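Residues per chain, in single letters:
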Amino acid sequence: MRNPWLDLPKEPPYVLPQDREYVDEFNRHTANPKYQLDVALMPGPFEGSRQAPLLVLMRNPGVGSWDDDRELGDYQEAMRANLGDAPEDQVQVGLKAEFESTPAGIWSRGRCFKNLIKEQGLPAEHLAHLVLNVEFHGYHSKNWHSLPITLPSQYYGFWLVVRAMERGATVVALRGSWDWEVAVPGLADYPRLVTVHSSQSPAISPDNCGDKFSYVLEALGSSVD
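Treat the numbers as computed from the prediction; the structure is a model and nothing was measured.

Peer 1: Break down the overall build of the protein chain for me, citing the residues and quoting the values.
Peer 2: Looking only at helices and strands, the protein chain features 10 helices and five strands. For a compact globule of 225 residues, the expected C-alpha radius of gyration is about 17 Å, and the protein chain comes in at 17 Å, within 12% of that figure. Referenced to the eigenvectors of the C-alpha coordinate spread, the extents of the protein chain come out at roughly 50 × 40 × 30 Å. By the burial criterion, 50% of the 225 residues in the protein chain qualify as buried. Working note: accessible area of the protein chain is about 10800 Å², and carbon and sulfur atoms make up 50% of it. Treating the 20 positive side-chain charges of the protein chain as one cloud and the 30 negative ones as another, the clouds have centres 2 Å apart.

Right, dumping it as structure tokens:
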């Protein structure tokens, strides 16, 4: 499947041409600004290697007080490169050493992948090339709200999940497991699917993943001590 994010505009509004009319109408009919899609921020539909052994499913990127700073300079360039098709640019940007102090680095190292780095001893730079995050849709909002339609760009994300299942990757449904199981037929019965105890927690850890945390470690080539 062709990667639609190659068509992402160079300047805001950051919305794909095929998504534009739907995003505009959603925002026009959504009175509460916390649910509106912020196309002034560059989308983050996926992050990491398309061949990663560990796939993490999310809902959509958030919006915080730090976003204006995050969109500047080298970080934005790295995020845009990640959306391309060059394998060497496909990486968990927040786990790269040069972005450790960015909000993305703090979230990745201090929350989502903290257990893998601190307790399981996986170097962040190594982990950066082993994990692929896919968002249900790629546009930022302060709070999640389901869309009344499926955006054309979402089908590429669904396809990435299917490809991950075909290669036997471990899939962690960290957010929106029901949405993902409907969007990707066969996911609910996929034997290497990990559903978490609390979707409010962003942590990939034994407490949140339960017995299936071992699938995560197997995918990453590690083991529980």
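Peer 1: Go over the pairing of strand β3 (residues 131–135) with me, naming the residues and quoting the values.
Peer 2: Side-chain direction in a regular strand flips from residue to residue, so the side chains alternate between the two faces of the sheet. Most of β3 is tucked away, with five of its five residues classed as buried. With burial as the criterion, each face of β3 is covered, one bearing V131, N133 and E135 and the other bearing L132 and V134. Direction of pairing for strand β1 (residues 46–48) relative to β3: antiparallel, over a ladder of three bridges. For F46, the partnering residue across the bridge sits in β3 and is V134. Bridge count for strand β2 (residues 54–58) against β3 is five bridges, and the pairing is parallel.

Peer 1: Residue-level account of the environment of L116, with values.
Peer 2: Looking at the element boundaries, L116 is found in helix α5 (residues 114–119). Residues L116 and P206, 90 residues apart in the sequence, show an inter-C-alpha distance of 9.8 Å. With sequence-adjacent residues up to four places away left out, L116 is seen in contact with G121, L122, L127, I204, F213, V216, L217 and L220.

Peer 1: Could you give me a rundown of the nonpolar core, with the residues and numbers involved?
Peer 2: Core analysis: the biggest nonpolar cluster contains 65 residues, and L116, L187 and I204 have the highest contact counts within it. Counting residues per element, this core draws most heavily on helix α7 (residues 154–166), which supplies six residues. If we ignore the near neighbours within four places in the chain, the residues touching L187 are L57, V161, M165, V171, W180, E181 and L193.

Peer 1: Kindly report on the packing of aromatic side chains, identifying the contributing residues and their values.
Peer 2: Geometrically, a pair of aromatic rings is defined through the distance of the ring centres and the angle of the planes. For the structure on display, the rule yields nine aromatic pairs. Taken together, a centroid distance of 5.6 Å and an interplanar angle of 90 degrees make the contact between Y75 and F99 edge-to-face. Pair noted here: Y75 is in helix α3 (residues 73–82) and F99 is in the loop between α3 and α4 (103–112), with a separation of 24 residues, a long-range link. Ring geometry for F136 and W144: centres 6.2 Å apart, planes at 75 degrees, overall edge-to-face. Note on F136: relative accessible area 14%, which makes it buried. Taken together, the ring pairs connect F136, W144, Y155, F158 and W180 into an aromatic cluster.

Peer 1: I'd like a description of the layout of surface pockets, backed by residues and values.
Peer 2: One number sums up the size of the largest pocket: a volume of about 1000 Å³. If you go around the largest pocket, you meet 37 residues; those closest to its centre are M58, N60, P61, G62 and E135. At the level of elements, β1, α3, α4 and β3 are the ones that each hand at least two residues to the lining of the largest pocket. Looking at the lining of the largest pocket element by element, the count peaks at five residues for α4. Taken together, the residues of the lining of the largest pocket break down into 14 nonpolar, 15 polar and eight charged.

Peer 1: Help me get a handle on empty space enclosed by the protein, residues and values and all.
Peer 2: Applying the stated criterion across every chain yields a total of one cavity of 30 Å³ or more. What the largest cavity holds in volume is close to 60 Å³. The wall of the largest cavity is formed by W5, P45, F46, E135, F136, H137, G138, S153, Q154, Y156 and G157. The leading source of residues in the lining of the largest cavity is α7, at three residues. Residue composition of the lining of the largest cavity, grouped by class: five nonpolar, five polar and one charged.

Cut-offs applied
- Residues numbered from 1 in each chain as written.
- Predicted model: local features only at pLDDT ≥ 70, side-chain atom pairs only at ≥ 80, totals over all residues.
- Heavy atoms only, no water.
- Helix = DSSP H or I, 4+ residues; strand = E, 2+ residues; numbered from the N terminus.
- Rg over C-alpha atoms; globule rule 2.2 N^0.38 Å.
- Buried < 20%, exposed > 50% of the residue type's maximum accessible area, 1.4 Å probe, protein only.
- Areas by Shrake-Rupley, 256 points an atom, 1.4 Å probe, with all protein chains shown as cover.
- Lys, Arg positive; Asp, Glu negative; His and termini not counted.
- Charge placed at Lys NZ, Arg CZ, Asp CG, Glu CD.
- Pairing = 2+ DSSP bridges.
- Contact = heavy atoms within 4.5 Å.
- Core = buried A, V, L, I, M, F, W, Y, C linked by side-chain atoms within 4.5 Å.
- Phe/Tyr/Trp six-rings, centres within 6.5 Å; stacked < 30°, edge-to-face > 60°.
- 1 Å grid on protein atoms, 1.4 Å probe; cavity = no way out; pocket = protein on both sides within 12 Å on 5 of 7 lines; lining within 4 Å.
- Points joined across faces, edges and corners; volume = space filled by probe spheres on them.
- Nonpolar A, V, L, I, M, F, W, Y, C, P; charged D, E, K, R; others polar.

Interpretation note: all reported values are geometric properties and have no functional meaning in isolation.
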